[in-house]
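Residue strings, one per chain:
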Amino acid sequence: MSLTGERVRGGLGESARRPDGGPKVAGSFVFSSDLTADGMVWGSILRAPYPHARIRSIDIGPALALPGVHAVLTAADVPGDSSYGLEHADQPVFADDTVRYIGEAVAAVAADHPDTARRAARAIVVDYEELEPLVEAEAAITAEPIHPDGNVFAHLTIRHGDTTASGDVVVEGDYEVGMQDQAFMGPESGLAIPDGDGGVDLHMSTQWLHVDRDQVANCLGLPHDKVRMSLAGVGGAFGAREDVSMQVHLCLLALHTNRPVKMVFSREESFLGHVHRHPARMHYRHHADKDGRLVKVEARIVLDGGAYASTSRPVLVNACCFAAGPYAVPNALVEGWAVRTNNPPCGAMRGFGAVQACFAHEAQMDKLAAALDLDPVELRLRNAMKTGDRLVTGQVVTGAAPVEELIRTCSGWPLPAEDPEPDPMTLPGGAGRTADGSRLRRGVGFAVGFKNLMYSAGFDDYSTARVRLEGGVATVTCAAAEVGQGFVTLAEQIVREVLGVDEVILAPPGTADIGSAGSTSASRQTWMSGGAVERAALAVRDRRDAGEREPIEETYEYHHPPTSPLDENGQGNAHVSYVFAAHRAVVDVDLDLGLVRVVEVATSQDVGRVLNPLQVIGQVEGGIAQGVGLAVMEEIVMDRGVVRNASFTDYLIPTALDMPDVAIAALVEEPEPGAPFGAKGVGEPPTISSSAAVAAAIRAATGLALTRIPVRPQDIALAHRDSTKLA
Amino acid sequence: MTPSVAQPRSLDDAVEALRTAIDPTVLAGGTDLMVAINAGSRRPTSVVSLIRVPELQGWHRDGDEVVLGACLTYAEIERGELASLVPALAQAARTIGSPQIRNAATLGGNLGTASPAGDSLPVLAALDATVETIGPDGVRTLPVLEFVTGVKRTALRAQEIITAVRVPVLRGPQEFLKVGTRNAMVISVVMAALVIDLDGRSVRLGLGSVAPVPVRARDAEALAEGSVDWDTARIGDQTVFGRFGELAAESTAPIDDHRSTAAYRRHAVSVCARRALERALR
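Quantities reported herein were computed from a predicted structural model and do not represent experimental measurements.

1. Side note on the overall build of chain B
And step 1. When helices and strands are counted, chain B shows twelve helices and 16 strands.
And step 2. Compactness check: chain B gives a C-alpha radius of gyration of 19 Å against a globular reference of 19 Å for 282 residues, within 12% of the reference.
And step 3. For chain B, the C-alpha atoms occupy an extent of roughly 60 × 45 × 30 Å along the three principal directions.
And step 4. Expressed as a percentage of the 282 residues in chain B, the buried residues total 56%.
And step 5. In chain B, 60% of the contacts between residues at least 6 apart in sequence involve partners at least 24 apart.
And step 6. With 30 positive and 32 negative side-chain charges, chain B shows a separation of 6 Å between the mean positions of the two kinds.

2. Notes on the overall build of chain A
And step 1. Secondary structure summary: chain A contains 17 helices and 28 strands in total.
And step 2. For the C-alpha atoms alone, the extent of chain A along its principal axes is close to 75 × 75 × 55 Å.
And step 3. Per-residue burial over chain A gives 63% buried out of 727 residues.
And step 4. For chain A, the accessible surface area stands at approximately 25200 Å², while carbon and sulfur atoms represent 50% of it.
And step 5. Of the charged side chains in chain A, 61 are positive and 95 negative, and the gap between their average positions amounts to 2 Å.

3. Concerning the environment of D214 of chain A
Residue and element names in this part refer to chain A.
And step 1. Within the element layout of this structure, D214 appears in helix α5 (residues 209–220).
And step 2. Under the relative-accessibility criterion, D214 is labelled partly exposed at 23%.
And step 3. Distance in space between the C-alpha atoms of D214 and D225 is 9.0 Å, their sequence separation being eleven residues.

4. Thoughts on the sheet that holds strand β19 (residues 462–470) of chain A
Two pairing modes exist for strands in a sheet, parallel and antiparallel, and in both the strands are linked by backbone hydrogen bonds.
Residue and element names in this part refer to chain A.
And step 1. Spatially, β21-β20-β19-β22 is the arrangement adopted by the four strands of the open sheet, whose pairing is mixed. The sheet is open, and its two borders are formed by β21 (504–506) and β22 (552–559), each paired with just one other strand. Put simply, the sheet's adjacent strands are angled 20° from each other on average, direction ignored.
And step 2. Taken together, the six bridges between β19 and strand β20 (residues 473–478) define a ladder with antiparallel strand orientation. The partner of R466 across the bridge, within β20, is T477.
And step 3. Strand contacts of helix α12 (residues 487–499): β19, β20 and β21, with the helix running at about 145° to β21, the strand carrying the most contacts.
And step 4. Each of β19, β20 and β22 is contacted by helix α13 (residues 525–545), which is oriented at about 145° to β22, the strand it contacts most.

5. Some points on the interface of chain B and chain A
Much of the literature gives interface size as the accessible area that the parts lose upon coming together.
And step 1. Of the residues lining the interface, 31 residues belong to chain B; the matching set on chain A comes to 38 residues.
And step 2. Summing both sides of the interface, chain B and chain A together bury roughly 2800 Å²; the carbon and sulfur share of this comes to 51%.
And step 3. On the chain B side of the contact with chain A, R182, N183 and R275 of chain B bury the most area, a combined 27% of that side's loss.
And step 4. The tally of links from chain B across to chain A stands at four salt bridges.

6. Remarks on unusual backbone geometry
Backbone phi values are negative for most residues with the exception of glycine, while trans is the configuration of most peptide bonds.
Residues and elements named next belong to chain A.
And step 1. The amide bond that connects E550 to the next residue, P551, takes the cis arrangement and shows omega of 0°.
And step 2. Here P551 shows up in the loop between α13 and β22.
And step 3. Following I709, the chain continues to P710 via a peptide bond in cis, the omega torsion being -5°.
And step 4. Tracing the sequence through the fold places P710 in the loop between β28 (708–709) and α17 (713–726).
And step 5. The backbone of A457 shows a phi angle near 60°, a positive value even though the residue is not glycine.
And step 6. Topologically, A457 is positioned in the loop between β18 (440–453) and β19.

7. Description of the pairing of strand β1 (residues 41–47) of chain A
Residue and element names in this part refer to chain A.
And step 1. Within β1, six of the seven residues are buried, leaving the element largely enclosed by the surrounding structure.
And step 2. Pairing analysis gives two bridges linking β1 to strand β14 (residues 261–264), with the strands arranged parallel. In the sheet register, V41 faces β14, and the bridge partner there is V261.

8. A look at the domain arrangement of chain A
All names here are of chain A.
And step 1. In terms of domains, chain A is made up of domain 1 (21–30 + 462–559) and domain 2 (401–449 + 579–727).
And step 2. With 14 residues of domain 1 at the interface, the matching set in domain 2 holds 15 residues.
And step 3. Of the roughly 1100 Å² buried at the junction of domain 1 and domain 2 (both faces included), carbon and sulfur atoms supply 57%.
And step 4. When the area that domain 1 buries against domain 2 is broken down by residue, the three leading residues are S523, T526 and W527, summing to 45%.
And step 5. For the pair domain 1 and domain 2, the number of links is five residue pairs in polar contact (both at pLDDT 80 or more).
And step 6. The set of elements that each furnish at least two residues to the side of domain 1 that touches domain 2 consists of α12 and α13.

9. Some details on the packing of aromatic side chains
Remark: the centre distance and the inter-plane angle together describe each pair of aromatic rings, the angle taken between the planes.
Residues and elements named next belong to chain A.
And step 1. Counted under the stated rule, the structure contains 13 aromatic pairs over all chains.
And step 2. Their ring planes at 90° and their centres at 6.1 Å tell us that Y175 and F359 sit as a pair that is edge-to-face. Residue Y175 is found in strand β10 (residues 169–177), and its partner F359 is found in helix α9 (residues 354–372); the two are separated by 184 residues along the sequence. Both residues of the pair, Y175 and F359, belong to the buried class.

10. Quick word on the pattern of salt bridges
And step 1. Under the counting rule described, the total for this entry stands at 68 salt bridges over all chains.
And step 2. One connected set of salt bridges, linked through shared partners, spans D128, D197, R204, R216 and E221 of chain B.

11. Things to note about the packing of helix α10 (residues 376–383) of chain A against helix α11 (residues 403–412) of chain A
Residues and elements named next belong to chain A.
And step 1. Their axes nearest at 9 Å, the elements α10 and α11 cross at an angle of 160°. What the angle tells us is that α10 and α11 run roughly antiparallel. Relative to α11, the crossing made by α10 is left-handed. Side by side, α10 and α11 meet where V377, R380 and L381 of the first sit next to E404, I407, R408 and S411 of the second.

12. Let's talk about the nonpolar core
Residues and elements named next belong to chain A.
And step 1. Counting 104 residues, the largest nonpolar core has Y284, V587, V694 and I698 as the members making the most contacts within it.
And step 2. Tallying contributions element by element places α9 first for this core, with eleven residues.
And step 3. If you look at the next biggest cluster of nonpolar residues, it comprises 76 residues, including A108, L453, V467 and I552.

13. Things to note about empty space enclosed by the protein
And step 1. On inspection of all chains with the given rule, the structure shows five cavities of 30 Å³ or more.
And step 2. Its volume calculated, the largest cavity comes out at about 200 Å³.
And step 3. Forming the walls of the largest cavity are 24 residues, and the residues nearest its centre are Y84, Q91, Y101, V244 and G273 of chain A.
And step 4. Those elements that provide at least two residues to the lining of the largest cavity are β1, β5 (91–92) and α7 (267–273) of chain A.
And step 5. Of the residues assigned to the lining of the largest cavity, the class counts are 13 nonpolar, eight polar and three charged.
And step 6. Looking at the second largest cavity, its volume works out to about 120 Å³.
And step 7. What lines the second largest cavity is a set of 17 residues, and nearest its centre among them are L595, V596, V632 and M633 of chain A together with T181 of chain B.
And step 8. Where the lining of the second largest cavity is concerned, the elements lending two or more residues are β24 (596–606) and α14 (613–632) of chain A.
And step 9. If you tally residues by element for the lining of the second largest cavity, the top one is β24 of chain A, at three residues.
And step 10. Residue composition of the lining of the second largest cavity, by class: eight nonpolar, five polar and four charged.

14. A look at the sheet that holds strand β11 (residues 189–194) of chain A
Residue and element names in this part refer to chain A.
And step 1. Spatially, β3-β7-β1-β14-β11-β12-β13 is the arrangement adopted by the seven strands of the open sheet, whose pairing is mixed. Unpaired on one side and paired on the other, β3 (69–73) and β13 (227–231) mark the two borders of the sheet. Taken over all neighbouring pairs, the strand axes of this sheet differ in orientation by 20° on average, direction set aside.
And step 2. Judged from the six bridges that link them, β1 and strand β7 (residues 105–111) form a sheet pairing that is antiparallel.

15. Let's talk about the packing of α14 of chain A against helix α16 (residues 690–702) of chain A
All names here are of chain A.
And step 1. At a closest axis distance of 7 Å, the pairing of α14 and α16 adopts a crossing angle of 45°. Here α14 is positioned oblique relative to α16, judged by the angle of their axes. Helix-helix and strand crossings are classified by hand; for α14 and α16 the assignment is right-handed. Here G623, I624, G627, V628, L630, A631 and V632 of α14 lie close against α16, whose contacting residues are S690, S691, V694 and I698.
And step 2. Residues of the contact of α14 with α16, tallied by class, amount to seven nonpolar, four polar and no charged.

The rules we used
- Residues numbered from 1 in each chain as written.
- Chains lettered and ligands numbered in written order.
- Predicted model: local features only at pLDDT ≥ 70, side-chain atom pairs only at ≥ 80, totals over all residues.
- Heavy atoms only, no water.
- Helix = DSSP H or I, 4+ residues; strand = E, 2+ residues; numbered from the N terminus.
- Rg over C-alpha atoms; globule rule 2.2 N^0.38 Å.
- Buried < 20%, exposed > 50% of the residue type's maximum accessible area, 1.4 Å probe, protein only.
- Contact = heavy atoms within 4.5 Å.
- Lys, Arg positive; Asp, Glu negative; His and termini not counted.
- Charge placed at Lys NZ, Arg CZ, Asp CG, Glu CD.
- Areas by Shrake-Rupley, 256 points an atom, 1.4 Å probe, with all protein chains shown as cover.
- Pairing = 2+ DSSP bridges.
- Axes fitted to C-alpha atoms, helices over the stretch in contact; angles between N-to-C directions.
- Buried area = accessible area lost by both parts, 1.4 Å probe.
- Salt bridge = Lys/Arg side-chain N within 4 Å of Asp/Glu carboxyl O.
- Domains from an automatic or database assignment.
- Polar contact = N/O pair within 3.5 Å; in protein donor to acceptor, adjacent residues only side chain to side chain.
- Phe/Tyr/Trp six-rings, centres within 6.5 Å; stacked < 30°, edge-to-face > 60°.
- Parallel < 35°, antiparallel > 145°, perpendicular 65-115°, else oblique.
- Left-handed = near helix turned anticlockwise from the far one by under 90°.
- Core = buried A, V, L, I, M, F, W, Y, C linked by side-chain atoms within 4.5 Å.
- 1 Å grid on protein atoms, 1.4 Å probe; cavity = no way out; pocket = protein on both sides within 12 Å on 5 of 7 lines; lining within 4 Å.
- Points joined across faces, edges and corners; volume = space filled by probe spheres on them.
- Nonpolar A, V, L, I, M, F, W, Y, C, P; charged D, E, K, R; others polar.

In structure tokens:
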């Protein structure tokens, strides 16, 4: 409450305006690609043209001979650790003797003009001996290792209950998910400035400043405090900025040239230069009794992690933990593999392993419903997880789990009416005007999904925030990366609410000023950094209310309750909290051309408490757009280790004509015990089951099995043609 | 190195600029060229921009034909009187890129690029359009199917440019269908352009993205022409439409690539050709 007794404006529960909203709309917001410094030179990276090759020799002479070139660096120039990685440092800064994926960095150049830098990179002569690429994930498990650390990033078995149990009804299926890209707007870019004293300041668009900083310092062979990282304006992330991309290269070049060095990836380089969502192949077998109660779920999940570890292990842990979906499952046997191949490295993307599993378990639930002659929604209701149920990891769900309410509200939302005279632009095929009304079929599909909030399995997850009150103005210092999600808005709202002040200033996030805030991922910043900001603000309020004079400053390090790793049977209290969502998709499908128009996606989401309604809606709509994309178009097309569509010409993401109407049937506000303000993160749930719902709707419209996403036009059209020929 | 850029203000100046420039690259709307330059895949030594040459702008009626300037933009094609004179071309224009792209991209540029997926090409093929060029050897006129010689290859000679495209104004329905994996802003996977000439009693089907160059489906056309009741402009035999699609598919030579498969393209051609004919003559 404010001192005047009136409720402060822009507090919690309001659609407070983003502090960076005006500049972003006006085009004056400074993104990382806009940075500049006096005396700046430009960096460029030479990338390998083969997915698997031995490097016989590298001749940098022709590059160095070009006028305007300041430095050409290779693996021999890395003074510290030769490799980096979020979990396991196995990704070389520069390929030394072996190239393991197409686009792997081989050398870096600094020059006085970006064009010169690119030309110099191309002038480097690399003698490669091409090797056979290992591109099949299943084969990688037993294949000759393509890296000294072996081909298996993680292998996990979950044994829950009686793994020999069997049900009256059994359904089985194979499922596949293609490689999705985060497709953020602003390609990777950054600026490294040497400090003249052996250290470096790095300005970068990233998701986790402190862990970037640690990896960079290790590779530079510097104490961590000699590398200072500041957040530069981020043009979207979705997981793709969790891993280091150009950070080490920029700093190496800056220290070698003793000049500020800037680098901006092209779109093609961006596609090659960051991790993607893991492609998955999954085999499932569901057992149920005659009443449709799940008896056992068996799953085997194989994730293609690509050439280097990144976050493959925790992505696999998630895929396995949530393999059975948000249902009460008494018995389960889940085996998961995350393996190394010569495909591009895969890592974090919105949904983090839960998305792939959800596509499979929800297809299985529909299959089971058909086998039982039950309504798919009714089957889900009979098995819906609730507070007190156990995950397949044996962990009891102690927090909010309003799965039944989500299913009821979402499935009960009125269906959109069929327009008797539709605008042709809104039919499948859109602007191409291919549709023939008599050959369109409408389908409705339903799916439910869940995942964990925050980091799991024993990771010491924390965030740090400082709040300073002076002259009636509160200043918040926190290293949480604002990647578009709106933490900047929320931090202001929290401080306004707690301290009752109108004016809140956010200090620029950087590693030099405060401890880690953890990563902007796992739907965790609202809880973790929101919690740190709240506690720091509360401590300031207590001192103010006790009559202490300003300035008053408090720093708080917020930790969530500890978790444990899974044991050898995949059992353990690995997670803190879960978040659930349900989606119902309505699609129109052109049976003959296989083109799809997603008409509407209705959703109900478990949010704990709505802290900013507009931001929640934004996350729901954006996440559904990404889910629709995965369902019908978004895929990095691989051909024997070669990326075939590294551009927005050919990596398709939904346009306004592809984006369905989003109907929010319910935001279920059941406060989460232990969560600051009772609020759950909202960023990931919209992507988890929306793809599965769209795929289910296409199945309903066509009667085809469609066990792979994205569903391609040929998957529908040719299968439909062949099925009608047989009939 | 920054290329030299000539911006001629007349056709004569443009011809002269092309004659004197070293290895000139022609720039019109820039929607292909600038992308290639920004991606680093093309680095021209000299550029001749045609966008300020008045003779290349706009369109005009010439008897039974319209003459479309090489720098006519898709935004100009997709609406207004021209759209009613050449409706298939207007519909093709509406499928191209975004409004911003259509404001810049030109018909001459689409022809000059000669991509197998060029959206105007199957329409121009169906219309039996002729391409007018000018260069050191003077003015030439070529049928569009002779102009496009291969994947991104044309009959343009060194220092020659497209000046205009001449298409007939025909009485009869026209259709254009484009299949892509997205509902807008997408490179075509298959295109079908159907033109009915009620006075000339001809049916013409142009196909795109299914061969290195735009294709005319002659066998399908012959079947349809033989089946039309020209007095009512209808096809009575309901088996003709499906057969028309099948014959259209047989006239293609599609490939597997990262956008689709040959099998799907062949199938989609049959569907689009059939639907186009049904819309026009059923």
